[in-house]
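Results of the structural survey
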Amino acid sequence: MEVCVKKDTIAAIATAMSDSGIGIIRVSGDEAVEIVDKIYQNAQGAKILKNYESHTIHYGFIVEEDGTFVDEVIISVMLAPRSYTMEDTVEINCHGGVLMMQKILSLVMKAGARIAEPGEFTKRAFLNGRIDLSKAEAVMDIIHAKNEFALQSSVKQLKGSVSDKIKELREKILYEIAFIESALDDPEHISLEGYDERLMHESEDILVELHKLSDSASDGKMLKEGIHTVIVGKPNVGKSSLLNILAGKERAIVTDVAGTTRDTLEETIVLGNITLNMIDTAGIRNTEDIVEKIGVEKARKISKEADLILYVMDASLPLDESDMDIIKMIVDKKAVILLNKSDLEEWVNEQSVVDAMKDVTSMDLKLTQEDDCLNSEGTKDILPYQKIEGLANTVYIMKTSTKEACGIDILTSLIKSMFFHGQITYNDEVYITNIRHKEAIFDAAKSMAEVKKSLKMNMPEDFYSIDLMSAYASLGLIIGEEVEDDLVNEIFSKFCMGK
């Protein structure tokens, strides 16, 4: 790893820049204690911070160079290597006003520290060997967690769930590399007879583990970032009402006038352990209104990128050309078709929708009832929705009424059944939530597949070593064993100040 650790002393405000009860200024580096000692005095007026033992807390005051009182504070002293950065670290706990925190930070700067770059405290923890790169990235994931599962997953990664698995795989690969190299250097004492069969078996086991990690990335990404969900439908069918019910507030304007929503509305909604990045779109129909037409085209484009489509239909009106256009949009997507306004006289039912989809797709489609799905309480229940069998992706259809707020708990259970293998549990399974990790695992798997290919072709052993080393290096990128300065800087530039 070719990354240099800066030895100067850094400082930053570690708490939110808003009025609060307490604010923290964090100082880290070889001169952290000496710098803070210049602006701190204890209750007796003495400047003896450098005499305090590590991991102790002290009451005193921040003062200016001329002795002017600034604030009453609590000082925490953590000496190297027993600190977050493995450097001498001092934290000043002051009153939480923004002006006060900025004033004390400016005094720390004047005393000899410099402003920390975004994420530089965690970057130093990584560069000084306290945490590996995957654990460092988990720190930021904890800060930005959108739901309980994402938080728990990030905490597990900080404790080493990902790095332990990667280190385990690297150790297996390194053993094979070392064995081959030793056998080639000393063929008289180390025989490669029968080794091809053993390496094939080991390579297959490693590939199974890599594919399992790679397969978890899709769920992991959605658990971390949320399910990209788009609400589509004709004008005035209840799309905005659905968004408002799910959001628990009047997020969208609802009227009886068709075409009220002309642009997209976005809202992050947490349903249990599921986060939906919800987008309400303009009603899809043929229109001559220029603004509305732009909104319709935007709705079509966004729908193509969705993880999940909620197609709201007005069950009290017959299907028309616009419905057929929307059906064409969703046949290859994960979707839930909501037969809304079920409190009114029914014109459209589940079977008529399936018949329309048959006309569009020319597929042999049918409805099936699933009677053993989990409800929102996690218990088995007979739920009033059906699955449309015969499509490439999972599509369900159910009745609802946004006016009566009926069917929302059922919809939550349904979405859960469509993702995360039907359940979200806090078990020991490792989820890959970082796209950088996923790419490195993919590259490692590709290299291990090349090892198997070379074995089948009876290639010389050095070919195995080359691909094994490539897999070893790819996995090293995840934990920071094989990483360059530019990548480290890019990763930590995304961190917040003070962390």
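The text that follows walks through the structure, step by step, so that each part is easy to find.

1. Focus on the side chain of lysine 452
By the element assignment, lysine 452 lies in helix α13 (residues 435–456). By relative accessible area, lysine 452 is classed as buried at 19%. Once residues lying within four places of it in the same chain are set aside, the contact partners of lysine 452 are Met200, Ser203, Glu204 and Leu207.

2. Considering the side chain of threonine 275
Turning to its location among the elements, threonine 275 is positioned in strand β10 (residues 274–280). Its relative accessible area of 1% is what places threonine 275 among the buried residues. Beyond its immediate stretch of four places on either side in the chain, threonine 275 contacts Lys146, Asn147, Gly226, Ile227, Thr268, Ile269 and Val270.

3. Structural notes on the layout of surface pockets
Reported here for the largest pocket is a volume of approximately 510 Å³. Around the largest pocket, the lining comprises 21 residues; the ones closest to its centre are Glu137, Lys224, Asn434, Ile435 and Lys494. Elements supplying a minimum of two residues to the lining of the largest pocket: α4 (133–143), α7 (195–225), α13 and α15 (485–492). The greatest single-element share of the lining of the largest pocket, amounting to 5 residues, is contributed by α7. Within the lining of the largest pocket, the residues separate by chemical class into 7 nonpolar, 4 polar and 10 charged.

4. Overview of a negative patch on the surface
The grouping of Glu181, Asp185, Asp186, Glu188 and Asp462 at the surface amounts to a negative patch. Along the chain, aspartate 186 turns up in the loop between α6 (161–185) and α7. Judged by its relative accessible area of 30%, aspartate 186 is partly exposed.

5. Description of the packing of aromatic side chains
Taken as a whole, this structure holds 5 aromatic pairs when the rule is applied. An aromatic cluster of three or more residues is present, and its members are Tyr59, Phe61 and Phe69. Across the ring face of phenylalanine 121, the terminal group of arginine 26 is positioned such that the distance to the ring centre comes to 5.5 Å. Between the NZ or CZ atom of arginine 170 and the centre of the ring of tyrosine 472, over which it lies, the distance is 3.7 Å.

6. Brief notes about the nonpolar core
Among the nonpolar cores identified, the biggest contains 32 residues, and Ile173, Leu199, Leu210, Met448, Leu468, Leu475 and Ile478 are the most heavily contacted of them. Of all elements in the fold, only α6, α7, α13 and α14 (461–479) reach the threshold of two or more residues within this core. Among the elements that take part in this core, α7 stands out by supplying 8 residues, more than any other. With near-sequence residues (within four places) excluded, leucine 199 lies in contact with Glu176, Ile180, Val451, Leu455, Tyr464 and Leu468.

7. Focus: the sheet that holds strand β9 (residues 265–271)
Strand order across the open sheet formed by 8 strands is β9-β10-β8-β11-β12-β17-β16-β13, with mixed pairing between neighbours. Sheet topology places β9 and β13 (366–369) at the edges, where each strand pairs with a single neighbour. Adjacent strand axes in the sheet meet at a mean angle of 25°, parallel and antiparallel pairs treated alike. Of the pairings in the sheet, the one linking strand β16 (residues 385–389) to strand β17 (residues 395–399) comprises 3 bridges and is antiparallel in character. From the neighbouring strand, glutamine 386 faces β17, where its bridge partner is isoleucine 397.

The rules behind each value
Residues numbered from 1 in each chain as written. Predicted model: local features only at pLDDT ≥ 70, side-chain atom pairs only at ≥ 80, totals over all residues. Heavy atoms only, no water. Helix = DSSP H or I, 4+ residues; strand = E, 2+ residues; numbered from the N terminus. Buried < 20%, exposed > 50% of the residue type's maximum accessible area, 1.4 Å probe, protein only. Contact = heavy atoms within 4.5 Å. 1 Å grid on protein atoms, 1.4 Å probe; cavity = no way out; pocket = protein on both sides within 12 Å on 5 of 7 lines; lining within 4 Å. Points joined across faces, edges and corners; volume = space filled by probe spheres on them. Nonpolar A, V, L, I, M, F, W, Y, C, P; charged D, E, K, R; others polar. Patch = residues over 30% accessible without salt bridge, like charges linked within 9 Å, V, L, I, M, F, W, Y side chains within 5 Å. Areas by Shrake-Rupley, 256 points an atom, 1.4 Å probe, with all protein chains shown as cover. Salt bridge = Lys/Arg side-chain N within 4 Å of Asp/Glu carboxyl O. Lys, Arg positive; Asp, Glu negative; His and termini not counted. Charge placed at Lys NZ, Arg CZ, Asp CG, Glu CD. Phe/Tyr/Trp six-rings, centres within 6.5 Å; stacked < 30°, edge-to-face > 60°. Lys NZ or Arg CZ within 6 Å of the ring centre and 35° of its normal. Core = buried A, V, L, I, M, F, W, Y, C linked by side-chain atoms within 4.5 Å. Pairing = 2+ DSSP bridges. Axes fitted to C-alpha atoms, helices over the stretch in contact; angles between N-to-C directions.

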